[in-house]
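Spelled out, the chains give:
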Amino acid sequence: MIATALGSFAGTDLRATARAVLGELPDRAPIVELPDRGPQASMIARTAAMLPDMPFDRRPSGWRLAPGPSLVGRRAAALFNDDVTMTAEVIEDWQGTLTLTMAGPWTLLASLDLVRGGRAVGDAGARRDLAQAWLAGAVDRIAHTRSQLDRPLAVQIDEPALPAVLAGAIPDESGRRRLPAVEAQEVQESLGACVDATRGAAEDIVVIHCCADRPPLTELAAAVPDALSIDTQRLDAGSWDALAQWFSAEPGPGMDHALWLGLLSTSTPGFGVDAIRGALDECRRKLEADPGGPADRRLAITPACGLASADPVDAFCALADLAAVARG
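## Description of empty space enclosed by the protein
Part 1 of the reasoning: The final tally for this structure, using the stated rule, is two cavities of 30 Å³ or more.
Part 2 of the reasoning: The computed volume of the largest cavity comes to approximately 40 Å³.
Part 3 of the reasoning: Forming the walls of the largest cavity are Val121, Ala164, Val165, Gly168, Ala169, Ile170, Leu179, Pro180 and Val182.
Part 4 of the reasoning: Residue composition of the lining of the largest cavity, by class: eight nonpolar, one polar and no charged.
Part 5 of the reasoning: If you add up the space inside the second largest cavity, you get close to 30 Å³.
Part 6 of the reasoning: Forming the boundary of the second largest cavity are Ala18, Leu22, Pro30, Ile31, Val32, Thr87, Ile91 and Leu98.

Written out as structure tokens, the structure reads:
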């Protein structure tokens, strides 16, 4: 079993944060995101900046696809490249595996408005075009990042908006009504293509992360990721049953059916080694996995989501506690 984290942290000093994260997580760690640096450092901007021929901008009402390049788009692309360069400088003596995080296509679609107005997720043509751009952009970003870091990468696809997309709970541009639900089959096919493309480019595992209430495990599992990353506090009994079934199923060739168990609150993450062990044991019980058994190699323990809202001292103490529990 290993411990890892899910991407974002508080603060603005990337070198210092990356060194601190790598110091606590010897096996697997994210390429650090620091959204406190401004809109250009947000998950949406960092991912939208990788989409070829799809410029975007930031308006008072939120993110929007744009008719041409924007200042925030140029800043997001430049900042990501700078972050990769700085990461390369601090990993020389670190032997673990890095995880490249990116917003999934459905969370991007739910977050972007069209040039002419209206949410992108409500337009079938926009869904198709953005899905294709996401695949091309993700492969290019992975290739560029790998060339800079000179090592394989894991990929984490973040889909916090996916339950709302499937439930028809995304508000329209006015906020007065909800957009129609997207069919599960369309979601499954799109996510499956994302997993296949990123797995081939990264040469390591692909993880889908969803920290929303009652994550759509059927659709997530149908995309056949190597691992699912879930906030364990947001699962009801039915979700635990579905997760246990997926975890116990025989994985296909080259697949793992691993679970990243989000055990720690992102706002107040520090509650100690004993509490983490108790939460882990409860998860094992629900998964019907014996402590110390063979299934442990397919478990990772993590915070529930990013730690951008947590005090940095608390965040790094929490990572240290997670790593201590993972070591046994």
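Okay, back to it.
## Points about the side chain of His257
Part 1 of the reasoning: Along the chain, His257 falls in the loop between helix 9 (237-248) and strand 10 (258-264).
Part 2 of the reasoning: One polar contact links the side chain of His257 to the main-chain carbonyl oxygen of Trp246, over a distance of 2.8 Å.

## Quick look at helix 3 (residues 71-90)
Part 1 of the reasoning: Between its first and last C-alpha, helix 3 extends 29 Å over 20 residues, near the 28 Å set by a 1.5 Å rise per residue.
Part 2 of the reasoning: Looking only at helix 3, the buried set comprises Val72, Gly73, Ala76, Leu79, Phe80, Asp83, Val84, Met86, Thr87 and Val90. For helix 3, the angular spread of the buried residues around the axis is 170°, confining them to a single face.
Part 3 of the reasoning: Next to the buried residues of helix 3 lie helix 1 (14-24), helix 2 (43-48), strand 3 (56-59), strand 4 (62-65), strand 5 (97-103) and helix 5 (124-149).

## Quick notes on the sheet that holds strand 8 (residues 206-210)
Part 1 of the reasoning: The sheet built from eight strands is open, its strands ordered 1-11-10-9-8-7-5-2 with parallel pairing. Of all the strands in the sheet, the pair left with one neighbour each is strand 1 (2-3) and strand 2 (28-30).
Part 2 of the reasoning: Contacting strand 5 and strand 7 (153-158), helix 5 runs over the sheet at an angle of about 150° to strand 5.
Part 3 of the reasoning: Across the sheet, helix 11 (residues 312-327) lies against strand 1, strand 10 and strand 11 (299-303), angled at about 165° from strand 11, the strand it touches most.

## So, the pairing of strand 10
Part 1 of the reasoning: The element strand 10 is extensively covered by neighbouring structure, given that seven of its seven residues are classed as buried.
Part 2 of the reasoning: Sheet topology places strand 9 (residues 227-231) next to strand 10; five bridges connect them, and they run parallel. Considered in strand 10, the bridge of Leu228 is made with Leu259.

## Quick notes on the sheet that holds strand 3
Part 1 of the reasoning: An order of 3-4-6 is seen for the three strands of this open sheet, with the pairing classed as mixed. Two strands bound the open sheet, and with one partner strand each, they are strand 3 and strand 6 (112-113).
Part 2 of the reasoning: Here two bridges tie strand 4 to strand 6, and the two strands are oriented parallel to one another. Looking across to strand 6, one finds that Trp63 is bridged to Leu112.

## Examining the side chain of Thr4
Part 1 of the reasoning: Structurally, Thr4 is set in the loop between strand 1 and helix 1.
Part 2 of the reasoning: On the basis of relative accessible area, Thr4 is assigned to the buried category, the value being 0%.
Part 3 of the reasoning: For Thr4, the side chain forms a polar contact with the main-chain oxygen of Arg28, separated by 2.9 Å.

## Focus on the packing of helix 10 (residues 273-287) against helix 11
Part 1 of the reasoning: At a minimum axis separation of 9 Å, helix 10 and helix 11 run at an interaxial angle of 55°. For the element pair helix 10 / helix 11, the angle class is oblique. Where helix 10 crosses over helix 11, the two elements pack in a sense that is right-handed. Counting all contacts with helix 10, which are made through Val273, Ile276, Arg277 and Leu280, the residues of helix 11 involved are Asp321, Leu322, Ala324 and Val325.
Part 2 of the reasoning: Residue composition of the contact of helix 10 with helix 11, grouped by class: six nonpolar, no polar and two charged.

## Here's the deal with the pattern of salt bridges
Part 1 of the reasoning: The full count for this structure, using the stated rule, is 19 salt bridges.
Part 2 of the reasoning: Across the pair Arg234 and Asp213 runs a salt bridge whose closest N-O atoms are separated by 2.8 Å. Residue Arg234 is located in the loop between strand 9 and helix 9, and its partner Asp213 is located in the loop between strand 8 and helix 8 (217-222); the two are separated by 21 residues in the primary sequence.
Part 3 of the reasoning: A salt bridge links Glu282 to Lys286, with the nearest nitrogen and oxygen atoms 3.9 Å apart. Taken together, the residues span about one helical turn, with Glu282 and Lys286 both in helix 10 at a distance of four residues.
Part 4 of the reasoning: On the accessibility criterion, Glu282 (33% relative accessible area) is partly exposed.
Part 5 of the reasoning: Several salt bridges share partner residues, and in doing so they unite Arg37, Arg46 and Asp83 into one network.

## Examining the packing of aromatic side chains
Part 1 of the reasoning: Taken as a whole, this structure holds two aromatic pairs when the rule is applied.
Part 2 of the reasoning: Relative to Phe316, the ring of Phe9 lies with its centre 6.0 Å away and its plane at 20°, an arrangement referred to as stacked. Taken together, the positions of Phe9 in the loop between strand 1 and helix 1 and Phe316 in helix 11 put the pair 307 residues apart, joining distant regions of the chain.
Part 3 of the reasoning: The class of Phe9 is buried, set by a relative accessible area of 2%.
Part 4 of the reasoning: Residue placement shows Arg58 over the ring face of Trp63; its charged tip is 4.9 Å from the ring centre.
Part 5 of the reasoning: Above the ring of Phe80, the side-chain terminus of Arg141 is found at 3.8 Å from the ring centroid.

Reading the values: rules and limits
Residues numbered from 1 in each chain as written. Predicted model: local features only at pLDDT ≥ 70, side-chain atom pairs only at ≥ 80, totals over all residues. Heavy atoms only, no water. 1 Å grid on protein atoms, 1.4 Å probe; cavity = no way out; pocket = protein on both sides within 12 Å on 5 of 7 lines; lining within 4 Å. Points joined across faces, edges and corners; volume = space filled by probe spheres on them. Nonpolar A, V, L, I, M, F, W, Y, C, P; charged D, E, K, R; others polar. Helix = DSSP H or I, 4+ residues; strand = E, 2+ residues; numbered from the N terminus. Polar contact = N/O pair within 3.5 Å; in protein donor to acceptor, adjacent residues only side chain to side chain. Expected span 1.5 Å × (residues − 1). Buried < 20%, exposed > 50% of the residue type's maximum accessible area, 1.4 Å probe, protein only. Arc of directions from axis to C-beta. Contact = heavy atoms within 4.5 Å. Pairing = 2+ DSSP bridges. Axes fitted to C-alpha atoms, helices over the stretch in contact; angles between N-to-C directions. Parallel < 35°, antiparallel > 145°, perpendicular 65-115°, else oblique. Left-handed = near helix turned anticlockwise from the far one by under 90°. Salt bridge = Lys/Arg side-chain N within 4 Å of Asp/Glu carboxyl O. Phe/Tyr/Trp six-rings, centres within 6.5 Å; stacked < 30°, edge-to-face > 60°. Lys NZ or Arg CZ within 6 Å of the ring centre and 35° of its normal.

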